[in-house]
Number of protein chains: 2
Amino acid sequence: MADKITNRCRDMGLQMTPQRLIIAEVLGASTDHPDVEELHQRATARNPEITVAQVYHTVKLFEEAGILEKLEFGDGRARYEDADRAHHDHLIDMNTGEVIEFVDPEIEALQEKIAEKLGYRLKDHKLELYGVPLNRRRQ
Amino acid sequence: MADKITNRCRDMGLQMTPQRLIIAEVLGASTDHPDVEELHQRATARNPEITVAQVYHTVKLFEEAGILEKLEFGDGRARYEDADRAHHDHLIDMNTGEVIEFVDPEIEALQEKIAEKLGYRLKDHKLELYGVPLNRRRQ
DNA sequence: GTATATGCAAAATCTTTGCAGACAC
DNA sequence: GTGTCTGCAAAGATTTTGCATATAC
């Protein structure tokens, strides 16, 4: 599990240098949603030779290779998670920053239904759902 | 309609200077999701005396007063819309940046159900939903 | 007259990029 | 040897802030 990302990197033909290996391990070992700063801290804990720039280089590369999913929850920092995990959505506690993962089959069906209703062919469009905060709603 | 924001500003005890009045009018007249740069352009079209800094000051103030909703769709720019509009969610076309508004009663019930299931009291938490892009899903 | 608003410029934050040296194959 | 990777530092982009001046009430 911890080296699944590493394997996919090799499959994509990416060189697995010591720096990338550690970043890949840190990513694989993370069950939360670390930002670059946090990834860098976890990586330097294993090897102090890793720079923030390298973390930026690497997450960008991994994202472009489809290995990582970039998440942006509106606090100005991008977060990353393994793109190969089973699908789930996120509910963010805007007061605390806590990220709650959940899966609900109804919400999935619903998103597809909405996309269809709007005439979107999912193969051609990357559609992302943003819900307005639950307790800010009117009407 | 175009001056509803202005009224709420006065209700909140905010001084309605010429600059704020124009920014409020621009916001009230917008049916899309302008960012600060776009708001500034629309405002200067009516009065060239408005600075970007003032737009930033004003949207922040209006957001804190509950008059505006700040939306962040992951492109690095904050977008704003009237917080008093009827509730809706957003589906973002990540290829084109297009923002599609929609309302679906099922998705609302679902979000509340999920929050409840997770033991969240909506009065105490501002919970925001982020869906992973529809066509990036596995399993 | 006092409190608030304005606007310039500087700073803060997150991210990207240029490039020279280092490493992998 | 050629292509890729690394890491420093500089630059970009968006947003925030300090503060002197101007305006609102």
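Coordinates for the structure precede this section.
Quantities reported herein were computed from a predicted structural model and do not represent experimental measurements.

What counts and what doesn't
Along each chain, the written sequence defines residue order, and numbers are assigned to residues from 1. Here every chain gets a letter starting at A, and every ligand a number starting at 1, in the order they are written. Under the rules for a predicted model, residues below a pLDDT of 70 receive no local features and side-chain atom pairs below 80 are neither given nor counted, while totals for whole chains, interfaces and linings still include all residues. Each side-chain value is derived from all of the structure's non-hydrogen atoms; neither hydrogens nor water enter the calculation. We define a salt bridge as a contact between a side-chain nitrogen of Lys or Arg and a carboxyl oxygen of Asp or Glu at a distance within 4 Å. For the purposes of this entry, the term helix denotes a DSSP run of H or I that reaches at least four residues, the term strand denotes a run of E that reaches at least two, and both are numbered from the N terminus. The rule is simple: take the accessible area with a 1.4 Å probe, protein chains only, and divide by the maximum for that residue type; under 20% is buried, over 50% is exposed, in between is partly exposed. The term polar contact refers here to a pair of N or O atoms within 3.5 Å; inside protein, the definition further demands a hydrogen-donor-capable atom paired with an acceptor-capable atom, and it admits residues adjacent in sequence only when both atoms are side-chain atoms. Here, two residues are considered to be in contact whenever any of their heavy atoms come within 4.5 Å of each other. The rule for a residue being near a molecule or strand is that one of its heavy atoms must lie within 4 Å of it. When residue character is reported, Ala, Val, Leu, Ile, Met, Phe, Trp, Tyr, Cys and Pro are called nonpolar, Asp, Glu, Lys and Arg charged, and the others, Gly included, polar. Two strands qualify as a pair provided that DSSP identifies no fewer than 2 bridges between them.

Enquirer: Honestly, the pattern of salt bridges in this entry has me stumped. Any pointers?
Expert: Opposite charge on two side chains permits them to pair, given that their charged atoms come into close proximity. All names here are of chain A. Counted by the stated rule, this structure contains 16 salt bridges over all chains. Salt-bridge contacts for Asp32 lead to Arg42; the nearest nitrogen and oxygen are separated by 2.7 Å. Note that Asp32 is positioned in the loop between α2 (18-29) and α3 (36-46) and Arg42 in helix α3, a separation of ten residues in sequence. On the accessibility criterion, Asp32 (33% relative accessible area) is partly exposed. Residue Arg79 is joined to Asp75 by a salt bridge in which the shortest nitrogen-to-oxygen separation is 2.8 Å. Assessed through its relative accessible area of 34%, Asp75 is described here as partly exposed. One network of salt bridges, in which partners are shared, links Asp35, Asp75, Arg77 and Arg79.

Enquirer: Just checking my understanding: could you explain the side chain of Arg8(B) for this structure?
Expert: All names here are of chain B. Position of Arg8 relative to the elements: it lies in helix α1 (residues 4-11). A relative accessible area of 17% places Arg8 in the buried class. Polar contacts involving the side chain of Arg8 include one to the side chain of Asp82, which spans 2.8 Å. Here Arg8 is in contact with Ile67, Asp82 and Asp84, once residues within four sequence places are set aside.

Enquirer: Could you clarify how one ought to interpret the environment of Pro18(A) in this entry?
Expert: Tracing the backbone shows Pro18(A) in helix α2. Separated by 48 residues in sequence, Pro18(A) and Gly66(A) have C-alpha atoms that sit 21 Å apart.

Enquirer: Any chance you could explain the protein's contact with DNA strand D here in plain terms?
Expert: Around DNA strand D sit 18 residues in total, of which Thr17(A), Arg20(A), Gln54(A), Tyr56(B) and Ala78(B) are the nearest. Counting only atoms of DNA strand D within 4 Å of the protein, the sugar-phosphate share comes to 87%. Between DNA strand D and Ala78(B), the relevant distance is 2.7 Å, taken from a phosphate oxygen to a main-chain nitrogen or oxygen of the residue. A per-class count over the surface near DNA strand D returns four nonpolar, ten polar and four charged.

Enquirer: How do you make sense of the pairing of strand β1 (residues 68-72) of chain A when you look at a structure like this?
Expert: Taken residue by residue, a regular strand's side chains alternate between the two faces of the sheet. Pairing geometry for β1(A) and strand β2 (residues 78-82) of chain A, over five bridges, is antiparallel. What sits directly across from Glu72(A), in β2(A), is Ala78(A).

Enquirer: Got a minute to help me understand the protein's contact with DNA strand C in this structure?
Expert: Among the 15 residues in the neighbourhood of DNA strand C, the closest are listed as Ala78(A), Thr17(B), Arg20(B), Glu49(B) and Gln54(B). In DNA strand C, atoms within 4 Å of the protein come from the sugar-phosphate backbone in 88% of cases. Tyr56(A) places a polar side-chain atom, nitrogen or oxygen, 2.8 Å from a phosphate oxygen of DNA strand C. Arg77(A) has a polar side-chain atom sitting 3.1 Å from a phosphate oxygen of DNA strand C. Breaking the surface near DNA strand C down by element, the ones donating at least two residues are α4 (52-64) of chain A together with α2 (18-29) and α4 (52-64) of chain B.

What is shown is where atoms sit, not what they do.
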